[in-house]
Amino acid sequence: MVTRTERLFAGRGALGVAYREAAETVAKHGSEDDTEVWCASVSGLANANAGATALLAAWQLSREEIRALGPRRLARIIEAAGAVCRRAGATAAAQLLKQAPLARRSLRSGDSTVTWADIVADLAREMPTAIIPLLAETGRVLSRTDLDGFRHWVESGRRACERDTGSQVAFFSLEDPAAVRLLARSGRSQPFDRLERRLSPYAAALYGRPAALRGIEPDPEAIVPPRPNIAGGLMRLPLRFAGADEIQDRTYHAAVAHMGAHLAFSRSRFEVGKLRPLQIALVNLAEDHRVETLASRALPGLANLWRSFHTIGADTPTTTDNLLARIARALADPAFEDDDWAVAKARALLAERSDRLEDPQISREFGSLLGNDFGQRRLQFNWKTYAVEPLYRDDGLGLWEFPEDVAPPETIEMFSDVARPEECSDAPERDDGRVDQDLEPARVRAATREDGLPVARYPEFDHRTGDLRQEWTSVRDMPVPSASPARLHALAATHASVHQKLVSQIRSARIGRSERLKRQPDGDVLDLEAAIDHTVKRRLGEIGDDRLFIRRNRQARDLATLVLLDVSESTRDRPPLSPASVLDMELAATTLLAGALDDLGDRIAIRSFASDGRNDVRMARLKEFDERLSDGPLGRLAGVRPGLSTRLGAAIRHATGEIAAERAYRRLITVVTDGEPSDVDVADPDYLALDARHAVRAARRAGIDIVCIALSNAHLDRAKQVFGAGHVFPVGRIDTLPTALSAIIFRLAAR
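This report concerns the structure included in the present document. Just so it is clear, the model here is predicted, and its values are computed rather than measured.

## A look at the overall build of the chain
For step 1, the next point in the chain: Looking only at helices and strands, one finds 28 helices and 16 strands in the chain.
For step 2, the next point in the chain: Within the chain, counting contacts between residues at least 6 apart in sequence, those at least 24 apart form 71% of the total.
For step 3, the next point in the chain: When the accessible surface of the chain is totalled, it reaches about 34,100 Å², and 48% of it is carbon and sulfur.

Here is the structure:
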């Protein structure tokens, strides 16, 4: 084999010389058999028409990595390059060979490097266009994961981008944000994953309540590294603090302690009003100092922890970002000396208000007044590139009540636009730090007719990658215009017989906890204790008690029901041979069902939903659990109008969260719909259906029953795919509703 390979490259000038040098190097570090294996791999690469570039790369790899990899591992990598060449071309093969040393240094193992090359070669068989983008990002990818994570990530990309070459290139070049998120979770343990279980008890020890924590997935488009942030009562933390490799643990503890102080002492949100972005940053800075001071009074050790992160010097260039960091240090460290007048004024403003430290409005006053002075220095400030310092501090977005026409921003980029004063036309004309008496500074805005109130974000399941896209959908609580309930009253009167059947069926249902009744005259199980007593008494010549059995008796109903109405545009249609629209049938079915449950004193809530993309899932509260079915709920039900699309998974997750809080033995979500899930931003017909199925299964794992009343047969198969065939109950006419409900009740009572 050696002689044949030598003949293959003999007389080929520089190529032959390079081959001989590589072959001699390999021969010095292995046996004759090892060298033959290596030569065979080189011949295979040449026979694959790899070309001079790939061959030279193979020989350079062999010369430089022989000590680290050895001849046989080198041969395996060259064989993988040959396989890549046959599927993806010579350029891709050369790229694999050139990236192999980087892969070896990242994976720190010769065997792992061979496996890495095999994974790439295997991908080339199905996705040849993905190989060059993948290899170009070798350093980025392997710096964030290990070998198992790399394998999982590549497999996820394979499933997600099966037929679309554009998607393949975007995924494996890390231009697709989903690829970056998957990579972040794919193998190498992130500090947040390691510390999460310890941080919640840490917060509980400090402030008396455990923290709800969530990791922030990396954003490939972010200009600055992510900072911690607060969303409601949730603490969101980066998976890794950039630039803090040696102090990750301490940084996470400082961040959780800081955000816990906000949750304990920043009990109200600020109105944006006419504040400029720089003033908002200053308000955040003052509020950070205020809550840290209050927390340090009870726990003095926290001050030392936080102070250790303030390292900026007074001699740094006087940019706005540096000046904000220097002010933060000056407020945290009384011994810090800085001659800049802004630092001195910041200290003076808070010293004047030290007797009002419990009042968060001193932070707003501080930001407004000092921000005006900053403006006179004509220093540039760009919120999009501003990173809060020190790095343990949160980004401050959770401290603000945003204008009604803008959803609470998730990113600094959005926040800079929200903070523009011209976008908030209902704010006071000037802002001198004092709150207008007509404005309640900490109020939670009621949902407006136009856009509703954002109340929650939920994940969404991507069946192509098998991954949950965290915080992918946004749910808004929408107001409902009330209408006259007269037609619903008339409908109930028309279907009085249906109402009576429903009441009778529900009354007879025994959906409650079963009770073990001992010492019964009959039953299915022998009561051993009673039997022993009976035997003892008989032997003593006494008359024994003949009640020797145990009977299980199910108590009366203990059921909470949430009806989830699909009010998307498709409910405007009329089914074949039906004089009423789908929405009319939904309203009729819901009115009768709710009326029957209400008459019997059962707890029932009604929600409607529609969507206009993943960031606009609209839910309306038509009736609460503790509300009687009076003209108020009926008026809201009558006021429902069809429109938009059907993002069912997000609606189910929101309904699950609501009913989970109900104290009942059985909790039931009844989805009333006509069709399959769909939305304007999703082309894949399976995507939303499989996400909804994922949400249904999660609800059932949480002990919540969920069924579907299907008002159209057109998409019955899709409904069965989402809910399961045994949990879908077709209702073609209103008079068949009792039959469907009977089946539902039988299923609940049988468990």
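After that view, the rundown keeps rolling.
## Looking at the packing of helix H13 (residues 248-265) against helix H14 (residues 277-298)
For step 1, the next point in the chain: Packing of H13 against H14 leaves a shortest axis separation of 9 Å and a crossing angle of 90 degrees. In this view, H13 runs roughly perpendicular relative to H14, as classed from their interaxial angle. Across the interface between the two elements, His-258, Ala-261, His-262 and Phe-265 of H13 pack against Glu-287, Asp-288, Arg-290, Val-291, Glu-292, Leu-294 and Ala-295 of H14.
For step 2, the next point in the chain: Classifying every residue of the contact of H13 with H14 gives five nonpolar, two polar and four charged.

## Describing the sheet that holds strand S12 (residues 603-611)
For step 1, the next point in the chain: Read across the open sheet, the eight strands follow the order S6-S7-S13-S12-S11-S14-S15-S16; overall the sheet is mixed. A single partner strand is all that each edge strand has here, and the edge strands are strand S6 (453-462) and strand S16 (728-730). The sheet shows a mean angle of 25 degrees between the axes of neighbouring strands, taken without regard to direction.
For step 2, the next point in the chain: Strand direction decides the pairing type here: strand S11 (residues 559-566) and S12, joined by seven bridges, are parallel. Residue pairing across strands places Ala-560 opposite Arg-603, the latter belonging to S12.

## Considerations on the packing of helix H3 (residues 32-47) against helix H4 (residues 51-88)
For step 1, the next point in the chain: Relative to each other, H3 and H4 sit at 35 degrees, their axes nearing to 7 Å. Here H3 runs over H4; the crossing is left-handed.

## Focus: the pattern of salt bridges
For step 1, the next point in the chain: This model, assessed by the stated rule, comprises 41 salt bridges.
For step 2, the next point in the chain: Residue Arg-72 pairs with Asp-34 through a salt bridge whose shortest N-O separation is 2.6 Å. On the criterion of sequence distance, the pair formed by Arg-72 in helix H4 and Asp-34 in helix H3 is long-range, its members being 38 residues apart.
For step 3, the next point in the chain: Asp-691 is the partner of Arg-653 in a salt bridge, and the nearest nitrogen-oxygen pair spans 2.8 Å.

## Thoughts on the sheet that holds strand S3 (residues 234-238)
For step 1, the next point in the chain: Within the open sheet, the three strands sit side by side as S1-S3-S2. Their pairing is mixed. The open sheet has two edge strands with one neighbour each: strand S1 (212-216) and strand S2 (229-231). Sheet twist, expressed as the mean angle between neighbouring strand axes with direction ignored, is 30 degrees.
For step 2, the next point in the chain: Relative to S3, S1 is paired through five bridges, and the arrangement is parallel. When the sheet's bridge partners are listed, Ile-216 is paired in S3 with Pro-238.
For step 3, the next point in the chain: Along the sheet, helix H12 (residues 191-207) contacts S1 and S3; its crossing angle with S1, the most-contacted strand, is approximately 165 degrees.

## Here's the deal with the environment of Val-498
For step 1, the next point in the chain: One can find Val-498 in helix H21 (residues 496-508).
For step 2, the next point in the chain: Between the C-alpha atom of Val-498 and that of Leu-593, which follows or precedes it by 95 residues, the distance is 9.5 Å.

## Observations concerning the packing of aromatic side chains
For step 1, the next point in the chain: If you walk through the whole model with that rule in mind, you get ten aromatic pairs.
For step 2, the next point in the chain: Arranged with centres 5.0 Å apart and planes meeting at 70 degrees, the rings of Phe-171 and Phe-172 form a pair that is edge-to-face. Grouping residues by exposure puts Phe-171 and Phe-172 together as buried.
For step 3, the next point in the chain: Three or more aromatic residues link up through ring pairs in this structure, and these residues are Tyr-19, Trp-38 and Trp-59.
For step 4, the next point in the chain: One Lys or Arg, Arg-469, reaches over the ring of Trp-472 and ends 4.4 Å from the middle of that ring.
For step 5, the next point in the chain: Residue placement shows Arg-614 over the ring face of Trp-472; its charged tip is 3.7 Å from the ring centre.

## Re the environment of Ala-100
For step 1, the next point in the chain: Among the structural elements, Ala-100 can be located in helix H5 (residues 90-107).
For step 2, the next point in the chain: Overall, the relative accessible area of 0% leaves Ala-100 in the buried class.
For step 3, the next point in the chain: Considered as a pair, Ala-100 and Thr-113 are 13 residues apart in the sequence and their alpha carbons are 7.0 Å apart.
For step 4, the next point in the chain: In contact with Ala-100, not counting residues within four places along its chain, are Leu-61, Ile-77, Thr-113 and Trp-116.

## So, helix H16 (residues 320-332)
For step 1, the next point in the chain: Taking 1.5 Å as the rise per residue, H16 with 13 residues should run 18 Å; its terminal C-alpha atoms sit 18 Å apart, in good agreement.
For step 2, the next point in the chain: Listed in full, the buried residues belonging to H16 are Thr-320, Leu-323, Leu-324, Ala-325, Arg-326, Ile-327, Ala-328, Arg-329, Ala-330, Leu-331 and Ala-332.

## Observations concerning the pairing of strand S15 (residues 705-710)
For step 1, the next point in the chain: With respect to burial, S15 is a largely interior element, six of its six residues being buried.
For step 2, the next point in the chain: Burial along S15 is two-sided: Asp-705, Val-707 and Ile-709 and Ile-706, Cys-708 and Ala-710, pointing in opposite directions, are all buried.
For step 3, the next point in the chain: Here six bridges tie strand S14 (residues 666-673) to S15, and the two strands are oriented parallel to one another. Across the sheet, residue Val-671 finds its bridge partner in S15, namely Cys-708.
For step 4, the next point in the chain: For the crossover from S14 across helix H26 (residues 687-701) to S15, the handedness is right-handed.
For step 5, the next point in the chain: Alignment of S15 against S16, held across three bridges, turns out to be parallel.

Rules of the game
Throughout, a residue's number is its position along its own chain's written sequence, starting from 1. In view of the model being predicted, local features appear only for residues whose pLDDT reaches at least 70, and side-chain atom pairs are presented and counted only at 80 or more, with totals across whole chains, interfaces and linings using the full set of residues. By convention in this description, side-chain values take in all heavy atoms of the structure and omit both hydrogens and water. What counts as a helix is a DSSP run of H or I of at least four residues, what counts as a strand is a run of E of at least two, and both are numbered from the N terminus. By the convention used here, residues are in contact when the closest approach between their heavy atoms is within 4.5 Å. Using a 1.4 Å probe, the Shrake-Rupley method yields the accessible areas, and only the shown protein chains count as cover for residues. Whenever a helix is involved, its axis is fitted only over the stretch in contact; in every case the axis is a line through C-alpha atoms, and angles between N-to-C directions fall within 0 to 180 degrees. Oblique is the label for any angle not under 35 degrees, not over 145, and not in the 65 to 115 range, which are roughly parallel, roughly antiparallel and roughly perpendicular in turn. Following the grouping adopted for this structure description, the nonpolar residues are Ala, Val, Leu, Ile, Met, Phe, Trp, Tyr, Cys and Pro, the charged ones are Asp, Glu, Lys and Arg, and the polar ones are all others, Gly among them. Two strands pair under a simple rule: DSSP has to find at least two bridges between them. Whether a crossing is left-handed or right-handed is set by the direction in which the near helix is turned from the far one by less than a right angle, anticlockwise for left-handed and clockwise for right-handed. Criterion for a salt bridge: a side-chain nitrogen of Lys or Arg within 4 Å of a carboxyl oxygen of Asp or Glu. Each Phe, Tyr or Trp ring, with Trp reduced to its six-membered ring, pairs with another whose centre is within 6.5 Å; inter-plane angles below 30 degrees give stacked pairs, above 60 give edge-to-face pairs, and intermediate values give tilted ones. Any residue under 20% of the maximum accessible area for its type is buried, any over 50% is exposed, and the rest in between are partly exposed; the area is computed with a 1.4 Å probe on protein chains only. Only lysine NZ and arginine CZ atoms are considered, and such an atom sits over a ring when it is within 6 Å of the ring centre and within 35 degrees of the ring normal. Between the first and last residue of a helix there are one fewer steps than residues, each counted as 1.5 Å, and that sum is the expected span. A clockwise path from the first strand over the helix to the second, with the strands pointing away from the viewer, defines a right-handed crossover.

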